[in-house]
Amino acid sequence: MKYFNAGFRLLLSIIFFMTLIQVYGQVSNKNDSIANRLKTVAIKIISSARFCAFVTIDQQGKPIARTMDPFLPDSNFVIWLGTNPRSRKVQEIKKNQDVCLYYPDSSAQGYVVIQGKAIIVNDETEKKIHWKNEWSAFYKNRDKDFILIKVRPSRLEVLSYKDGVTGNSITSEVPFINF
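Residues numbered from 1 in each chain as written. Predicted model: local features only at pLDDT ≥ 70, side-chain atom pairs only at ≥ 80, totals over all residues. Heavy atoms only, no water.

Participant: What is the right way to look at the overall build of the protein in this model?
Facilitator: Helices and strands together make up the secondary structure of the protein, namely 5 helices and 8 strands. Listed by position from the N terminus, the elements making up the protein come as α-β-α-β-β-β-α-β-β-α-α-β-β. Considering the protein as a whole, with its 179 residues, one finds that 40% of them fall into the buried category. For the protein, the proportion of contacts with a sequence separation of at least 24, taken over those separated by at least 6, is 65%. Total accessible area on the protein stands at roughly 10600 Å², and carbon and sulfur atoms take up 55% of it. (Helix = DSSP H or I, 4+ residues; strand = E, 2+ residues; numbered from the N terminus. Buried < 20%, exposed > 50% of the residue type's maximum accessible area, 1.4 Å probe, protein only. Contact = heavy atoms within 4.5 Å. Areas by Shrake-Rupley, 256 points an atom, 1.4 Å probe, with all protein chains shown as cover.)

Participant: Explain the nonpolar core here, please?
Facilitator: Generally speaking, a soluble globular protein has its nonpolar side chains buried in company with each other. Ranked by internal contacts, the top residues of the largest apolar core, which has 26 residues, are F54, L81, L101, Y103, I114 and V151. When contributions to this core are tallied by element, the ones reaching two or more residues are α2 (32-49), β2 (52-57), β4 (79-83), β5 (98-104), β6 (110-121) and β7 (147-160). Examining the composition of this core, we find that 7 residues originate from one element, α2, more than from any other. Those residues in contact with Y103 that sit more than four places away from it in its chain are I45, I46, A49, F51, C52, P70, I79, Y111, V112 and I114. Counting 9 residues, the second-largest nonpolar core is a separate cluster that includes F71, V78, W135 and Y139. (Core = buried A, V, L, I, M, F, W, Y, C linked by side-chain atoms within 4.5 Å.)

Participant: Explain the packing of aromatic side chains to me, please; I cannot follow it from the model alone.
Facilitator: Two descriptors summarise a pair of aromatic rings, namely the distance from one centre to the other and the angle between the planes of the rings. The tally for this structure, following the rule as stated, stands at 9 aromatic pairs. Look at Y102 and Y111: their rings are 5.8 Å apart centre to centre, the planes differ by 35°, and that puts the pair in the tilted class. Relative accessible area serves as the criterion here: at 34%, Y102 is assigned to the partly exposed category. Centroid distance W135 to F146: 5.8 Å. Interplanar angle 50°. Geometry classified as tilted. Within this pair, whereas W135 is found in the loop between α4 (124-129) and α5 (142-145), its partner F146 is found in the loop between α5 and β7, the two being separated by 11 residues in sequence. Each member of the pair, W135 as well as F146, carries the same accessibility label: buried. In this arrangement the basic side chain of R142 is found over the ring face of W131, its NZ or CZ atom lying 4.0 Å from the centre. The side chain of R155 reaches across the aromatic face of F176, ending 3.6 Å from its centre. (Phe/Tyr/Trp six-rings, centres within 6.5 Å; stacked < 30°, edge-to-face > 60°. Lys NZ or Arg CZ within 6 Å of the ring centre and 35° of its normal.)

Participant: Sorry if this is basic, but what is going on with the pairing of β7 here?
Facilitator: Within a regular strand, side chains alternate between the sheet's two faces. Most of β7 sits out of view: 12 of its 14 residues are buried. Bridge count between β4 and β7: 5 bridges; the pairing is antiparallel. Each residue of the ladder has a partner; that of G82, found in β7, is L148. Bridge count between β7 and strand β8 (residues 176-178): 3 bridges; the pairing is antiparallel. Paired with R155 across the bridge in β8 is N178. (Pairing = 2+ DSSP bridges.)

Nothing here speaks to function; it is geometry throughout.
Structure below.
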């Protein structure tokens, strides 16, 4: 009986562990409550971070990061950023649309990573919608010196110990959503 109880507890532990892997690995959009929880925590971290690291692939195929001041994600987690059309990042996006945004959680161990495809947008209506007055110093001639980058997400990763969103303790895989 003693061995049965130990074996039964081991089996329950394995089932619990496998459930955690499923919950804290990929979260499908079918599991709305968990996906919504990850999105809510992601918005919280993104809002408090304000700035992000924006990563593109350079001409030699190497990742390059720079600090950017993005807009908050929309309901589909699309991110808008402003830049100069003559910037290096615009040329890099034209050659390779794969980008990554990294938002650190400065108040705790945590972060948000958004991977996706970037497109360059030079639409006057969008440029009016996605403008921050504090950018005026960087873009003296808004018509000529300002363009938008629109990032459509393909993957969202979230880690926030203070919010109870943690990864797999064995593999360190972080909870994520594929869009």
